[in-house]
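Read off the chains here:
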Amino acid sequence: MTTVFALDRTFEAVLASFAPPVVGMLAERLYGYKLARSAAGGGGVDERAAAVDVEMERHSATSLARAIYTSIAVPMALCCAIYSFMYCTYPKDREVARAEAARDRGGHGGEGSDSEDEGDGERKLLPQ
């Protein structure tokens, strides 16, 4: 179980390292994020230009929010589907594991008490 848990954490960390670039690409290419450019003119900023800047910032904020939501919702839905599939296959896998454990205990001829203790613990932990 520790190996499976370590692999799970490793895959999650590796995939999480790709999140910032994915959010950036989604925001720019899919949702139309525009980088704000400061006014370089020597004159004062008129109210019309300020209103356009505010609207552009709102659009960019909305684009970024949608990109973050997409980058969270899609992997979460994928994980939900995978874990749902695992939940459906668990009873069969449990029976296979029990059959293998019974076969291993039968092959030892009751030599070690460790295998018998593990079998009792297995019955307590696994639902019937």
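I will try to describe carefully the structure that is included in this document. Keep in mind it's a predicted model, so treat the numbers as computed, not measured.

### Regarding a nonpolar patch on the surface
The grouping of Val14, Leu15, Phe18, Val22 and Met25 at the surface amounts to a nonpolar patch, some 470 Å² of accessible area in total. Counting residues per element, the ones that place at least two in the nonpolar patch are α1 (2-16) and α2 (19-30). Looking at where Val14 falls in the secondary structure, it is placed in helix α1.

### A few points about the pattern of salt bridges
Enumeration over the complete set of coordinates arrives at five salt bridges. When the shortest N-O distance is used, the salt bridge between Arg9 and Asp8 registers 2.7 Å. You can call Arg9 partly exposed: its relative accessible area is 39%. With a relative accessible area of 28%, Asp8 lands in the partly exposed category. Here Glu55 ties to Arg58 by a salt bridge, and the two come within 3.4 Å at their closest N and O atoms. Of this pair, Glu55 and Arg58 are both found in helix α3 (residues 47-108), three residues apart, which corresponds to roughly one turn of the helix. The class of Glu55 is partly exposed, set by a relative accessible area of 47%. On the accessibility criterion, Arg58 (52% relative accessible area) is exposed. A network of salt bridges, in which partner residues are shared, links Asp8, Arg9 and Glu12.

Rules of the game
- Residues numbered from 1 in each chain as written.
- Predicted model: local features only at pLDDT ≥ 70, side-chain atom pairs only at ≥ 80, totals over all residues.
- Heavy atoms only, no water.
- Patch = residues over 30% accessible without salt bridge, like charges linked within 9 Å, V, L, I, M, F, W, Y side chains within 5 Å.
- Areas by Shrake-Rupley, 256 points an atom, 1.4 Å probe, with all protein chains shown as cover.
- Salt bridge = Lys/Arg side-chain N within 4 Å of Asp/Glu carboxyl O.
- Helix = DSSP H or I, 4+ residues; strand = E, 2+ residues; numbered from the N terminus.
- Buried < 20%, exposed > 50% of the residue type's maximum accessible area, 1.4 Å probe, protein only.

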